[in-house]
Amino acid sequence: MPSAHRLAVDIGGTFTDLVLETPHRTHSHKLLTTPDAPERAVLEGARHLLAAAGVQASALSLVLHGTTLATNALIERKGARTALLTTQGFRDSVEIAYEHRFAQYDLTMERPPPLAPRALRYTVPERIAADGGVLLPLDEAALHEVAQQARADGVTALAICFLHSFTNDAHERRAAELLAALLPDVSLSLSCEVCPEVREYDRASTTLANAYVRPLMDGYLARLEEGLRAQGIAAPVLMMMSSGGLCTVAAARRFPVRLVESGPAGGAILARHVAAQNGLSRVLAFDMGGTTAKLTLIDDGRFHMARSFEVARAYRFVQGSGLPIRIPVIELVEIGAGGGSIARRDALGRIQVGPDSAGSAPGPACYGLGGASPTVTDADLLLGRLDPAMFAGGTIPLDEGAARNAFAPLGTDAPVGVAEIVDETMASAARVHAVENGEDTAGRTMIAFGGAAPLHAARLAQKLGITRVLVPRGAGVGSAHGFLQAPIGFEVVRTRYTRLDALDEAALEAMFAEMRREAEEVVLQAAPREGLVEARTAFMRYRGQGHEIAVPITAGIGAAALQEAFTAAYRGIFGRAIPGLQPEVMTWALALSNPVAPPQRLSEVASHAAPSAAQQRPLVDPATGLTGSAAIQPRDALKPGARVPGPALIIEDETTTVVPAGWSAAINAAEQIVLEFAP
């Protein structure tokens, strides 16, 4: 929603980023995350930013917020003590998963353990049929035994997922009603609310993830709103979702699993905005912060969207090695590779990096806050990529001696090895992500943002066959900038099996009307009714197939229109339709949003040489292992059209852009850095 003064906040595992948008310019601030109470950094940063910009707290009309707190809790297994309540006989469904091996020939392969261990998976007699009929009534007496056991086990969150509850939710809702009275201090998540869709394992895994992070996120968001009000900020707070839309805090506290990729989604929106400004059709968005790295493909201004994704992939980024989460999401790959990722040698003497991170407390050794483990940031400092006196605008002076001491056990050449390993790890993840989407990385333009991405972008691009990299203005707080470009929206999903030869249009329209009302409960709290856009999608397949494809509904829900739309979508993916087979619909989705106007194309600017650099700094090139002298260029001194030959460091408060030898940098009309490689 357009407004005069808006504040965007992105909490990462290491840094908290804030961007204040005023009618004339934007102001930004970056500070260390406070993991014991994340709202403390937000409130401190907001207070600092408003004072620096001379803006009264009461002048804010909107606060936009995204965070990786939920993601990091899942990756690091730091959520609530969570139990699962399911139908008797289905206790192990989350362990059985898909009944296949994602690495068929690896005898040491291990699946990710469920968020609820077997001892915390309870069952009760009840049974709903696939058509919604009651085969076995809910045993309410058994629920009292479950409550007693949950109290004894110290459970603080409970996921309820009964068989076929997406067709009839009566048993889940009755169980929740009884357990809420018996366990008033336990957070309850119902699969019929979190993920009312077919497929037992995905639904249970998603509901477990929601339950696992809900106490953490619910408490945090409640404290954040209270703290903002105490500072005089009465503006509504909207939360970034994994789908790229914004929702209310009330919705986020109820369904925090929808925030799992909220920070990366903001970055993807920024990358799409930058791509549109520059007329780019094939883009790889690269976001690297202090804890994780994220990579996203954007083609012709559209994200690759998905109905599900995996978090915390633990086995070479292979599909099936993470926890499935079934929510609307911008398709991306996220790995534990960030500035705080810790380096070590394994039993064979090989250097390993991550996925564990030093975070903000104690942080990398060079921060001087008590960290002693060698990290990627320490390696970047020793390679000359960071100026110790200018890091974070000089607010965090870096200690090269501490970084050198941390790396001493690994050897003098270890910083180069760490940089190469982390870059190759990200390159491997990007290649796998591209292949899974039927795409390639070569020939794309990389858009790099996040505090650490501009340090590694050029080398990563070389590994992926990319010769052009864009670094947006304010890249170090890129996701927060992306929140300011996001639409307010919400998506509602229903599984309702429908054969086209038995389609009931009136019943489907009634279902969509109900879904619209549910979406409006969220969207109308922050957006006007006028201008809202509704998009309907049918998830269809040929009878007998195991999985569906997304089919946009643009010509109505009649059988003929759906048949034609499905055939066109199927041909677009697989190159042909299958004659003689009839399609069917498994799931329906309705998305409601207020669209944001696309940006104008940037104009060309005349090229000129950048001012002579007043300082030089030794810079190691990991591609060759050679050390050269890099010119230090303050970004604020570079005007549109300025060209900077490599090797050079372009330094700003929130990040540093490394221009290696063989690369050159140019500043475009939007003051974005355009890196190009001339082999």
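Preceding this paragraph is the structure being described.
Residues numbered from 1 in each chain as written. Predicted model: local features only at pLDDT ≥ 70, side-chain atom pairs only at ≥ 80, totals over all residues. Heavy atoms only, no water.

Focus on the overall build of the protein chain
For the record, the criterion: Secondary structure elements follow DSSP: runs of H or I of four or more residues count as helices, runs of E of two or more count as strands, with numbering from the N terminus. Taken over C-alpha atoms, the radius of gyration is set against a globule rule of 2.2 Å times the number of residues to the power 0.38. Note on contacts: a residue pair qualifies if any of its non-hydrogen atoms lie within 4.5 Å across the two residues.
On a plain count of helices and strands, the protein chain comes out with 16 helices and 36 strands. The globule rule puts the C-alpha radius of gyration for 679 residues at 26 Å, and the 25 Å found for the protein chain is close to it. Along the three orthogonal principal directions, the C-alpha set of the protein chain runs to about 80 × 60 × 55 Å. The contacts of the protein chain with a sequence gap of at least 6 include a subset with a gap of at least 24, amounting to 69%.

Here's the deal with the packing of helix α4 (residues 140-153) against helix α5 (residues 170-182)
Stated precisely, the cut-off is as follows: With axes taken as lines fitted to C-alpha atoms, and helix axes fitted only over the stretch in contact, angles between N-to-C directions fall between 0 and 180 degrees. Angular relationships are summarised with four words: roughly parallel below 35 degrees, roughly antiparallel beyond 145, roughly perpendicular across 65 to 115, and oblique for the angles in between. Rotating anticlockwise by less than a right angle from the far helix to the near helix defines a left-handed crossing, while the corresponding clockwise rotation defines a right-handed one.
For the pair α4 and α5, interaxial distance at closest approach is 10 Å and the crossing angle is 45 degrees. The orientation of α4 with respect to α5, classified from their angle, is oblique. Every pair of crossing elements has a handedness; the one defined by α4 and α5 is right-handed. Residues Glu140, Leu143, His144, Ala147 and Arg151 of α4 lie in contact with α5, whose contacting residues are Arg174, Ala175, Leu178, Leu179 and Leu182.

Quick notes on the packing of helix α12 (residues 414-436) against helix α13 (residues 453-463)
Look at α12 against α13: their axes get within 9 Å of each other, and the N-to-C directions meet at 55 degrees. Taken together, the axis directions place α12 and α13 in an arrangement best described as oblique. For α12 against α13, the interelement crossing comes out right-handed. Contacts between α12 and α13 pair Glu420, Val422, Asp423, Glu424, Met426, Ala427 and Arg431 from the former with His456, Arg459, Leu460 and Lys463 from the latter.

What to know about the sheet that holds strand β33 (residues 648-651)
One key point about sheets: their strands pair by backbone hydrogen bonds, in either a parallel or an antiparallel sense. For clarity, the threshold we go by: Should DSSP find at least two bridges between two strands, the strands are taken to pair.
On the basis of which strands lie adjacent, the open sheet formed by four strands has the order β30-β31-β33-β34 and mixed pairing. Only two strands of the sheet have a single partner each, and these edge strands are β30 (615-621) and β34 (656-659). The mean angle between the axes of side-by-side strands here comes to 30 degrees, regardless of whether they run parallel or antiparallel. The sheet contact formed by β30 and strand β31 (residues 626-634) spans seven bridges and is antiparallel. Within β31, the residue paired with valine 620 across the bridge is threonine 627.

A few points about the sheet that holds strand β5 (residues 82-87)
Strand order in this open sheet of four strands is β6-β5-β9-β10, and the pairing throughout is parallel. Lying at the two open borders of the sheet, with one neighbouring strand each, are β6 (121-124) and β10 (187-190). Each neighbouring strand pair of the sheet contributes to a mean axis angle of 20 degrees, computed without reference to strand direction. Bridge analysis of β5 against strand β9 (residues 157-161) gives five bridges, and the strand direction is parallel. Among the inter-strand pairings, alanine 83 is bridged to a residue of β9, identified as leucine 158. Sitting on the sheet, helix α7 (residues 200-230) touches β5, β9 and β10, and the angle it makes with β9 is about 160 degrees.

Looking at the pattern of salt bridges
The criterion, for reference: We count a salt bridge whenever a side-chain nitrogen from Lys or Arg sits within 4 Å of a carboxyl oxygen from Asp or Glu. For every residue, the accessible area (1.4 Å probe, protein chains only) is compared with the maximum for its type, and the residue is labelled buried under 20%, exposed over 50%, or partly exposed between those bounds.
In this structure the tally under the stated criterion is 44 salt bridges. A salt bridge links glutamate 193 to arginine 254; the nearest nitrogen and oxygen atoms lie 3.2 Å apart. Placement of the pair is glutamate 193 in helix α6 (residues 191-194) and arginine 254 in helix α8 (residues 249-254), with a sequence separation of 61 residues. On the basis of relative accessibility, which here comes to 25%, the residue glutamate 193 falls in the partly exposed class. On the accessibility criterion, arginine 254 (37% relative accessible area) is partly exposed. The shortest N-O distance in the salt bridge between glutamate 424 and lysine 463 comes to 3.2 Å. Residue glutamate 424 is located in helix α12, and its partner lysine 463 is located in helix α13; the two are separated by 39 residues in the primary sequence. A relative accessible area of 30% means that glutamate 424 is categorised as partly exposed. Through salt bridges with shared partners, a single ionic network connects Glu509, Arg516, Glu520, Arg529, Glu534 and Arg536.

Focus on the pairing of strand β20 (residues 332-335)
Of the two faces of β20, the one holding Leu332 and Glu334 and the one holding Val333 and Ile335 are both buried throughout. Relative to β20, strand β14 (residues 293-299) runs antiparallel, the two being bridged by four bridges. By the bridge assignment, alanine 293 is partnered in β20 with isoleucine 335.

As for the packing of aromatic side chains
Selection rule: For Phe, Tyr and Trp, where Trp contributes only its six-membered ring, two rings pair if their centres lie within 6.5 Å, and the inter-plane angle classes them as stacked under 30 degrees, edge-to-face over 60, or tilted in between. Put simply, a charge is over a ring when the Lys NZ or the Arg CZ is close to the ring centre, within 6 Å, and near the line of the ring normal, within 35 degrees.
Within the structure shown, the criterion is met by eight aromatic pairs. Between the aromatic rings of tyrosine 542 and tyrosine 570, the centroid separation amounts to 4.9 Å while the plane-to-plane angle is 70 degrees, which identifies the pairing as edge-to-face. Of this pair, tyrosine 542 sits in strand β26 (residues 533-542) while tyrosine 570 is found in helix α16 (residues 559-574), placing the two residues 28 residues apart along the sequence. This pair shows no difference in class: tyrosine 542 is buried, exactly as tyrosine 570 is. Through a chain of ring-to-ring contacts, the aromatic side chains of Tyr542, Phe566, Tyr570 and Phe574 assemble into a single cluster. For the cation-ring pair, arginine 258 lies above phenylalanine 490, with the distance from its terminal atom to the ring centre recorded as 4.4 Å.

Focus: the pairing of β33
Residues of β33 alternate between two faces, with Ala648 and Ile650 on one and Leu649 and Ile651 on the opposite face, all of them buried. As judged from the four bridges shared by β31 and β33, these two strands associate in the parallel manner. Its bridge partner lying in β33, proline 634 is registered against isoleucine 651. Direction of pairing for β33 relative to β34: antiparallel, over a ladder of four bridges. Note that in β34 the partner of isoleucine 650 across the bridge is threonine 657. In this structure, the hairpin formed by β33 and β34 is closed by a connection of four residues.

Structural notes on the environment of threonine 292
Structurally, the position occupied by threonine 292 is in the loop between β13 (282-288) and β14. Under the relative-accessibility criterion, threonine 292 is labelled buried at 5%. Taking the C-alpha atoms as reference points, threonine 292 and glycine 340, 48 residues apart in sequence, are found 8.6 Å from one another. With residues up to four places along the chain from it excluded, the contact list for threonine 292 reads Asn72, Ile75, Asp287, Glu334, Ile335, Gly336, Ala337 and Gly338.

Some thoughts on the side chain of serine 191
Selection rule: In protein, a polar contact means a hydrogen-donor-capable atom and an acceptor-capable atom, both N or O and within 3.5 Å, with residues adjacent in sequence counting only if both atoms are side-chain atoms; elsewhere, any N or O pair within 3.5 Å suffices.
Within the secondary structure layout, serine 191 lies in helix α6. Within the structure, the side chain of serine 191 is placed 3.0 Å from the side chain of serine 165, a separation counted as a polar contact. A polar contact is formed between the side chain of serine 191 and the side chain of arginine 203, at a distance of 2.7 Å.

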